[in-house]
Amino acid sequence: KTFYWVSHGTPADPVWTYFLAGAQQWAKDTGNTVNTSFHGNDVPSQQEALRAAIAAKADGIVTSSPDPGSLVEIAKEANAAKIPIINFNTPDPKASFNAYVGGDNVVFGRHWAQYLVDKGHVKAGDFVWMPVEVPGATYGVQEEEGIASVFKPLGITWEVTDTTLDQGEIITRMSDYLTTNRAKIKAIIGMGDLVNGSIKRVFDQVGVKPGEIPVVGWGNSLDTTQEVLQGYVNAAQWQDPQATSYVALSLANMAASGIPPGFNVITGALYEKDTAQLYDDILSGK
Amino acid sequence: MSEPLIRMDNVSKFYGRIQALENVSFTVNEREIVGLLGDNGAGKSTLIKVLSGAVPLTSGSIYVRGKKVEMKSTTDAIAAGIETIYQDSALVTQLSIARNLFLGREPIKGPAFLNRMDTEMMNQVARDLLKQVGISKNIPPETPIGSLSGGERQAVAIARAMHFDSDLIILDEPTNNLGVAETQGVLRFVRGARDSGHSCIFIAHNIHHVFQVVDRIVVMRRGKVVADDIDPKKTSVEAVERVITGMTDEELAHALGPNTH
Amino acid sequence: MSEPLIRMDNVSKFYGRIQALENVSFTVNEREIVGLLGDNGAGKSTLIKVLSGAVPLTSGSIYVRGKKVEMKSTTDAIAAGIETIYQDSALVTQLSIARNLFLGREPIKGPAFLNRMDTEMMNQVARDLLKQVGISKNIPPETPIGSLSGGERQAVAIARAMHFDSDLIILDEPTNNLGVAETQGVLRFVRGARDSGHSCIFIAHNIHHVFQVVDRIVVMRRGKVVADDIDPKKTSVEAVERVITGMTDEELAHALGPNTH
Amino acid sequence: MLRRLIARPEFGPLILLVLELVVFWAINPDFLSPLNIGNTLAFTVELGLIALAMTLLMTSGEFDLSVGSVFGFTPVLMWTFVNGGLMPMEIGFVIAMVVAALIGLVNGWFVTKLKIPSFLVTLGMLLVVRGTALFITNGFPQRTWDAGGHWLAQVLVGDFYVGPFRIYMSLFWFIAAVIILGYVLNRTRVGNWIQAAGGNPNAARARGVKVDRTKVALFILCSTLAGFAGIISSVRTSAANPNSGMGYELEVIAMVVIGGTALTGGRGTIIGTVLGIFILRVMRNGIVLIGVPGLAYNIFIGAIILGMMALHSWLERRHHAGT
Amino acid sequence: MLRRLIARPEFGPLILLVLELVVFWAINPDFLSPLNIGNTLAFTVELGLIALAMTLLMTSGEFDLSVGSVFGFTPVLMWTFVNGGLMPMEIGFVIAMVVAALIGLVNGWFVTKLKIPSFLVTLGMLLVVRGTALFITNGFPQRTWDAGGHWLAQVLVGDFYVGPFRIYMSLFWFIAAVIILGYVLNRTRVGNWIQAAGGNPNAARARGVKVDRTKVALFILCSTLAGFAGIISSVRTSAANPNSGMGYELEVIAMVVIGGTALTGGRGTIIGTVLGIFILRVMRNGIVLIGVPGLAYNIFIGAIILGMMALHSWLERRHHAGT
Ligand SMILES: Nc1ncnc2c1ncn2[C@@H]1O[C@H](COP(=O)(O)OP(=O)(O)OP(=O)(O)O)[C@@H](O)[C@H]1O
Ligand SMILES: Nc1ncnc2c1ncn2[C@@H]1O[C@H](COP(=O)(O)OP(=O)(O)OP(=O)(O)O)[C@@H](O)[C@H]1O
Ligand SMILES: [Mg+2]
Ligand SMILES: [Mg+2]
């Protein structure tokens, strides 16, 4: 059978390489063909690819949602063509997908904010810095929504800054910002894997000791698991990227065989130093 | 006497720190062909560029029929009735002959808002004009300028001035690159222009050509006008050459070498 | 008789579907100055472009001292001892006079791997050469070509050929744009080149200039050679003009208009 | 007849397009299914609108790197107004288009009056416009999915079926733009000025052609059509994201250049651009359809661009040698 | 003396840089703190190396959009070899540099032999190289953390303190490149050829200058230095990510053009480029330091580019009018 795995992410984002790895693993395990493509938040091009998959009479499609609402039409067309279409990574309840596999970015954001508050790292009147690779991309926007739901009532202020997807540039911009605002920043939420994975390098460059500024955020990369183990990052979010792809494709395959998936699969866990080794092992393929 | 068509008064021009014109005063009367002579770098092209608005003057003023005019751009000069054919005949190599001829003044066919060029008319006029300037070979008017020979290009530029007859036509070395027949075409055109009431400024290094058509000769040297009322009918070519180079007879004979006299 | 320096045999050249040269045969002997005449579009520039490797020929062959040579690029021609000064004097406007003069053959100072140009020497030579071609004004050799007058540019191109004396020097309308003194400078240079053992092809529309220097005149018309052994000492200017235009005496008199004779 | 066809500069791109179609179709016959054709057309015409305007601008010797950001910004602005309940959709549309035109005006003004290379001006503008889109939305995408029934949405991108083909209204906008801009470039006075402005601006100026005004008008055209395409796209895809249109500028310029318009100005062809648009879009569509792995996607796009250019240059040379 | 300084084309950029430094410093004195200066220098010189090579390439009339992707690809390749245990670091380095040079060779070959505009060639190459980097790594970044102590890493980017300033070895590589390339462009025969190739390639060819060979060499230089800068950067930031260098091409070209090199070729200045490099990097650093809101970052960058260009053009004109 032929399946299409269509991502709104960029291959530049390391977490997506783990998602991709899950899809490839699934193809290997089951012997089915999986055609993969990345669309870098470009909605028209993703829609076009999805319609191409429908035109090619795919046996099943799995896709992530670039923006809530943007795939409503496509889902309908897939339904009409009787092609199973499974949503993963970023949910869109408005669209008629057959199922959803993945986390909930709003919930993740709320957890991070709550974590900082519960552990006493921030209080009313404090300022939190929230770097993100691509401002305006859905994940950051939804996370901010969740974070805001905790911080706003408490009177905690924050700023989102733009770092790009380029490691050299990320480190430079984050260092610049940290140098300037070091006194003001009470905590950092790294709203992306590349950003959070650069914390150690930024701290080292600016001369901040591990633990001096509490950090939470994404943790789907070896850089971050290491940072958690070494104390640079207090807690990081695990998204089960490979598993998400694998399960989503399995559901698509199942639906293609006529068994409708009547449920969603929710993934994700927030880990600290004690459990970080587990994820470090998964990511380094041990 | 009435006001001259063009009067330039005490005009100076600096390119950076190089002074190309130094207090030049220069007039052209109605129905007069003025020959402008001078050695390389004398400032002839600069003078007419100032007059046609292609470069701004540094100081001095320009009067057209006694009225002071600011030549801020070529558009101003065209509006004042001055048409110029530059030395580096300014054509667009990618465009066809016909399109170059009418550039900026393309005829319109049909309702104005459609802005549609009258291509047929343009091609027809272009064909006629090319014949008039002495291009005997049959070159289609759709040919891009880029594939013409040096002289053919010059001929196109001339043809353009012939068609849009203005009060004053400036020709900067129009006979360069031209063959015998084409050169005569240009000279005939200049004479015809005067006969139909126009004035001309004619620049050329070939003094014989100048002598054949002009009413008055002005000579420049190193940015200054050194003679401005030479009558070609009463002066010899050699005398004018001496004024141009600023040499004594003896120096000139030496410079011209043994073979020439 | 020994082999001529250059022999072009049955050369044809098409630009797309336009035939610019039609079975042209043409020779230049050692120590000979050949004048190449012809009306606009006759194919003169094309002929010498083929000879200097600037455009490929469509058919035919070229021999240098009896040896067949493929002119695939200008480099081949330069290696064969052919130096060309193009009609649209090919200079780099952004570079200085001195840098243009030595372009492609810059002198090196110090160890070779440093590849260092000998700027002082270049400037010195440039200064001298400018004087030799008759530019009396003191132009610093560091001046970019872009800020020279038309004639001054031509003079720089000439100066270049004077310095790098090759077996054959081709001059395509070198006296266009040039003033009296500068023109004589060029003619003197051509004569000097022959005296020191070089050959020249000299193209000009000013037949008087041609008559002053050449040993033999070749005339082209519409892509063909129509006369290839006119002796300027035994022929009148008018007769040559008739050959060029291909007209009878009567037609010519008419074409030249009333003022000219 | 055939000879004249071959002699045209658009012949090379035409061959390329046909070749491409044949290859993809041979590999996957679904490639020419009505569904896929309708699908490809939908997005193609949106990018295509920008490419057409860019053709004129490039013919006049300038180019515009800010079109991608205007494509993203204009719909965001419009939907911010509309969703905020500030005004009805019609007025929001008009205001957004006026702002897009103003962006073009500023570009043109900087380029012509201050004589700054259009590369720098429009690169700066790209950043400003993209930044503004992010700033006014705080990074949040605007929702547009309730626009479906509105008459303006219908006029812009309403879809209907012609036989098995799903056709969007935007296709007609595109065809209209092809006809009008093709006519302007080849048949009108203004077209002559555009070509002259790109070929030899000094000569054009010397003839009294308003070179600067022509260029400014083209900058405005380019921005306006980019904004228009952005709005069409946002209604069709139900998404107005401040990040959309990223990188379109290079793709659009590539389309224009592949079609045969000179990168340096003076020579432009609308038909060529239409071919260029299809060459690139068909390629992107075909590559997904024949199942090129996601990570290798860019390798293929790049390699095909290079390969096609090599073929193009070979065709050109053969053609010159042949006649 | 002063007069001659003012007459130089680099005078405009110099004023801009000084102005920029003064303004930022006045707003936030920390701007000139040793920590910040060391910080800024580190990344500046990496981009700077590319900009220097690009200056020569652009003087010769071409440009290279693939430098950013080569910047990302070269270190990925090197670390893939090294981390895979296939070879020691020295050999990995050499092989990666050779591959970078080959990319330049291919660019040059397409541009000069097939006569395809460098815009298209290097755009295609950008995609191919970026795609290959993703493909060979499967998108995973390569780790370089253990390189710290290796002698080669020390030579490339070892850091040490001069007084309070943290200086990286890469600064010396940059200075060396400035001196060598400045010398080549202004004093050597090859420099004369480069300028002639950009100014009037036909004239240069007619004089027997090997225009094509010169351009190919410059493409190779450009790719090689981009790869070298990428490796330096990867060692310094301990990360070899297949996506690094994205968008650098435009920033690098902007640096070169702001410095006064003509976008159309024929005229180039290394000193101007050095100023252009600092103008842009200082700007990026400064606006974070003075506390511009995060999402407005791009607006400011864009607006400052436009503003500086306006100032630049005003200075130029004053200067021409004045003398
Ligand atoms: N754009 C420019 N920048 C600087 N100097 C210039 C510029 N144009 C001309 N000049 C200088 O001004 C002087 C006069 O030049 P101009 O072109 O007016 O001479 P001309 O009399 O037309 O000479 P020719 O007969 O050779 O065409 C020359 O010395 C020339 O070097
Ligand atoms: N690149 C080209 N493409 C097409 N046709 C050309 C090209 N160059 C020249 N021609 C044509 O070839 C013919 C000969 O041109 P050529 O330049 O050799 O003439 P010429 O004798 O040098 O004339 P002139 O005295 O005007 O310089 C002309 O009819 C011209 O239109
Ligand atoms: Mg002149
Ligand atoms: Mg000629």
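Below or above, wherever it landed, is the structure these notes cover. Predicted model only: the values in this text are computed from it and were never measured.

Cut-offs and rules
- Residues numbered from 1 in each chain as written.
- Chains lettered and ligands numbered in written order.
- Predicted model: local features only at pLDDT ≥ 70, side-chain atom pairs only at ≥ 80, totals over all residues.
- Heavy atoms only, no water.
- Helix = DSSP H or I, 4+ residues; strand = E, 2+ residues; numbered from the N terminus.
- Buried < 20%, exposed > 50% of the residue type's maximum accessible area, 1.4 Å probe, protein only.
- Contact = heavy atoms within 4.5 Å.
- Areas by Shrake-Rupley, 256 points an atom, 1.4 Å probe, with all protein chains shown as cover.
- Lys, Arg positive; Asp, Glu negative; His and termini not counted.
- Charge placed at Lys NZ, Arg CZ, Asp CG, Glu CD.
- Near = heavy atom within 4 Å.
- Nonpolar A, V, L, I, M, F, W, Y, C, P; charged D, E, K, R; others polar.
- Buried area = accessible area lost by both parts, 1.4 Å probe.
- Salt bridge = Lys/Arg side-chain N within 4 Å of Asp/Glu carboxyl O.
- Phe/Tyr/Trp six-rings, centres within 6.5 Å; stacked < 30°, edge-to-face > 60°.
- Lys NZ or Arg CZ within 6 Å of the ring centre and 35° of its normal.
- Patch = residues over 30% accessible without salt bridge, like charges linked within 9 Å, V, L, I, M, F, W, Y side chains within 5 Å.
- Core = buried A, V, L, I, M, F, W, Y, C linked by side-chain atoms within 4.5 Å.
- Polar contact = N/O pair within 3.5 Å; in protein donor to acceptor, adjacent residues only side chain to side chain.
- Axes fitted to C-alpha atoms, helices over the stretch in contact; angles between N-to-C directions.
- Parallel < 35°, antiparallel > 145°, perpendicular 65-115°, else oblique.
- Left-handed = near helix turned anticlockwise from the far one by under 90°.
- Pairing = 2+ DSSP bridges.
- Least-squares fit on C-alpha atoms with pLDDT ≥ 70 in both.

A few words now on the overall build of chain A. Of the regular secondary structure elements, chain A holds 11 helices and 12 strands. Taken over the C-alpha atoms alone, chain A extends approximately 60 × 40 × 30 Å along its principal axes. Buried positions account for 67% of the 286 residues belonging to chain A. If you take every contact in chain A between residues at least 6 apart in sequence, the share linking residues at least 24 apart comes to 72%. Roughly 8800 Å² of accessible area belongs to chain A as shown, and the carbon and sulfur atoms make up 55% of that amount. A gap of 2 Å separates the mean positions of the 20 positive and 31 negative side-chain charges of chain A.

This part covers the site of ligand 1. Neighbouring ligand 1 are 21 residues, the closest being Lys44, Ser45 and Thr46 of chain B together with Lys137 and Ser149 of chain C. In isolation ligand 1 exposes 640 Å². Once the protein is present, 87% of that is buried. If you list the elements that add at least two residues to the shell around ligand 1, you get strand E2 (18-28) and helix H1 (44-51) of chain B together with helix H5 (150-163) of chain C. Split into classes, the residues belonging to the shell around ligand 1 amount to five nonpolar, 11 polar and five charged.

A word on the interface of chain E and chain D. With 39 residues of chain E in contact, the opposing surface of chain D contributes 39 residues. Roughly 3500 Å² of surface becomes buried between chain E and chain D when both sides are summed, with 85% attributable to carbon and sulfur atoms. Looking at the side of chain E facing chain D, the largest losses of area belong to Leu120, Leu295 and Leu306 of chain E, adding up to 18% of the total buried there. At the junction of chain E and chain D, the tally comes to zero salt bridges.

The final tally for this structure, using the stated rule, is 27 aromatic pairs over all chains. Between Phe24 of chain D and Phe31 of chain D, the aromatic rings sit 5.4 Å apart at their centres with planes inclined by 50 degrees, giving tilted as the arrangement. The same class applies to Phe24 of chain D and to Phe31 of chain D, which are both buried. Consider the rings of Phe93 of chain E and Phe228 of chain E, whose centres lie 6.4 Å apart with planes at 65 degrees: the pair is edge-to-face. Here Phe93 of chain E, found in helix H5 (residues 89-113), pairs with Phe228 of chain E, found in helix H11 (residues 211-237); they are 135 residues apart in sequence, far enough to count as distant. Take Phe93 of chain E and Phe228 of chain E: they sit in the same class, and that class is buried. A network of ring pairs unites the aromatic residues Trp5, Trp16, Phe19, Phe38 and Phe88 of chain A as a single cluster. In this structure, Arg7 of chain B packs its charged tip against the face of Tyr63 of chain B, placed 4.4 Å from the ring centre. Cation over ring: Arg236 of chain E sits above Tyr168 of chain E, and NZ or CZ is 5.9 Å from the ring centre.

Residues and elements named next belong to chain D. Side chains of Phe160, Val162, Phe172, Ile175, Ile179 and Ile180 sit close together on the surface and give an oily, nonpolar patch of about 540 Å² of accessible area. Looking at the nonpolar patch, the elements with two or more residues in it are strand E1 (159-162) and helix H8 (170-187). Here the nonpolar patch gets four residues from one element, more than from any other, and that element is H8. Structurally, Ile180 can be placed in helix H8. Using a relative accessible area of 51% as the deciding quantity, one classes Ile180 as exposed.

Grouped together as the largest cluster of nonpolar side chains are 269 residues, with contacts concentrated most on Ile61, Phe151, Leu178, Ile189 and Phe203 of chain A, Met54 of chain D together with Met54 of chain E. With near-sequence residues (within four places) excluded, Met54 of chain D lies in contact with Phe63, Asp64, Val67, Cys222, Val252, Ile253 and Val256 of chain D.

Here the focus is the interface of chain E and chain A. Contacts between the two partners involve 34 residues from chain E and, on the opposite side, 34 residues from chain A. Our count for the chain E to chain A interface comes out at zero salt bridges. At the surface where chain E touches chain A, the tally comes to one residue pair in polar contact (both at pLDDT 80 or more). Among the elements of the structure, helix H3 (34-59), H11, helix H13 (270-289) and helix H14 (297-322) of chain E are those that each provide at least two residues to the side of chain E that touches chain A. The dominant element in the side of chain E that touches chain A, judged by the number of residues it contributes, is H13 of chain E, at five residues. Across the side of chain E that touches chain A, the residue classes tally to 15 nonpolar, 14 polar and five charged.

How two helices sit against one another is set out by the angle between their axes and by the gap between those axes. Residue and element names in this part refer to chain D. Relative to each other, H8 and helix H11 (residues 211-237) sit at 165 degrees, their axes nearing to 11 Å. The angle between H8 and H11 places the two elements in the roughly antiparallel class. Crossing of H8 over H11 shows left-handed handedness. Counting all contacts with H8, which are made through Ser170, Trp173 and Leu181, the residues of H11 involved are Leu221, Leu225, Phe228 and Ile232. Taken together, the residues that form the contact of H8 with H11 break down as six nonpolar, one polar and no charged.

All names here are of chain C. Here we have four strands laid out as an open sheet, ordered E2-E1-E4-E5, and antiparallel in their pairing. Bordering the open sheet on either side are strand E2 (18-28) and strand E5 (67-69), each of which pairs with just one other strand. On average, each strand axis in the sheet is inclined to that of its neighbour by 30 degrees, with strand direction left out of account. Pairing of strand E4 (residues 59-64) with E5 involves three bridges; the strand directions are antiparallel. Note on E5: the bridge partner recorded for Ile62 is Val69. Those strands touched by helix H1 (residues 44-51) are strand E1 (6-15), E2 and E4, and its axis lies near 115 degrees from that of E1.

Turning to the pattern of salt bridges, a few remarks are in order. Within this structure, the stated rule accounts for 40 salt bridges over all chains. Residue Glu83 of chain C is joined to Arg207 of chain E by a salt bridge in which the shortest nitrogen-to-oxygen separation is 2.6 Å. Of this pair, Glu83 of chain C sits in strand E6 (residues 82-85) while Arg207 of chain E sits in the loop between helix H10 (201-206) and H11, placing the two residues on different chains. Accessibility assignment for this pair places Glu83 of chain C and Arg207 of chain E in one class, buried. For Lys215 of chain E, the salt bridge goes to Glu62 of chain E, with nearest N and O atoms at 2.9 Å. Separated by 153 residues along the polypeptide, Lys215 of chain E in helix H11 and Glu62 of chain E in the loop between H3 and helix H4 (67-83) bring together distant segments of the chain. For the residue pair Lys215 of chain E and Glu62 of chain E, the accessibility class agrees, reading buried in each case. One continuous salt-bridge network, built from bridges that share partners, spans Glu48 of chain A together with Glu251, Arg281 and Arg284 of chain D.

Once that is clear, we can look at the relation of the copies chain E and chain D. Rotating chain E by 180 degrees and translating it 0.1 Å along the rotation axis places it on chain D, where the RMSD comes to 0.2 Å. On this basis, the relationship between the two copies can be described by a two-fold rotation axis. Among all residues of chain E, the minimum C-alpha distance to the rotation axis is found for Thr264 of chain E, at 4.4 Å. In this assembly, 100% of the residues forming the interface of chain E have copies in chain D that are likewise at the interface, indicating an isologous arrangement.

On to the site of ligand 2, then. The environment of ligand 2 is made up of 21 residues, and the closest members are Lys137 and Ser149 of chain B together with Lys44, Ser45 and Thr46 of chain C. Positioned at a junction of chains, ligand 2 has nearby residues supplied by chains B and C. Between ligand 2 and the protein, one listed contact pairs an oxygen atom with a side-chain N or O atom of Asn40 of chain C at 2.8 Å. Gly43 of chain C is positioned with one of its backbone polar atoms (N or O) 2.9 Å from an oxygen atom of ligand 2. Isolated, ligand 2 exposes 640 Å² of accessible area, and the fraction of that covered by the protein chains is 88%. Among the secondary structure elements, those contributing two or more residues to the shell around ligand 2 are helix H5 (150-163) of chain B together with E2 and H1 of chain C. The residue makeup of the shell around ligand 2, split by class, is five nonpolar, 11 polar and five charged.

The next subject is the arrangement of the chains. Of all eight pairs of chains that touch, the greatest number of contacts is found between chains D and E. One thing to see here is that chain A and chain B don't touch, and their nearest C-alpha atoms sit 35 Å from each other. Between chain A and chain C there is no contact; the minimum C-alpha to C-alpha separation amounts to 35 Å.

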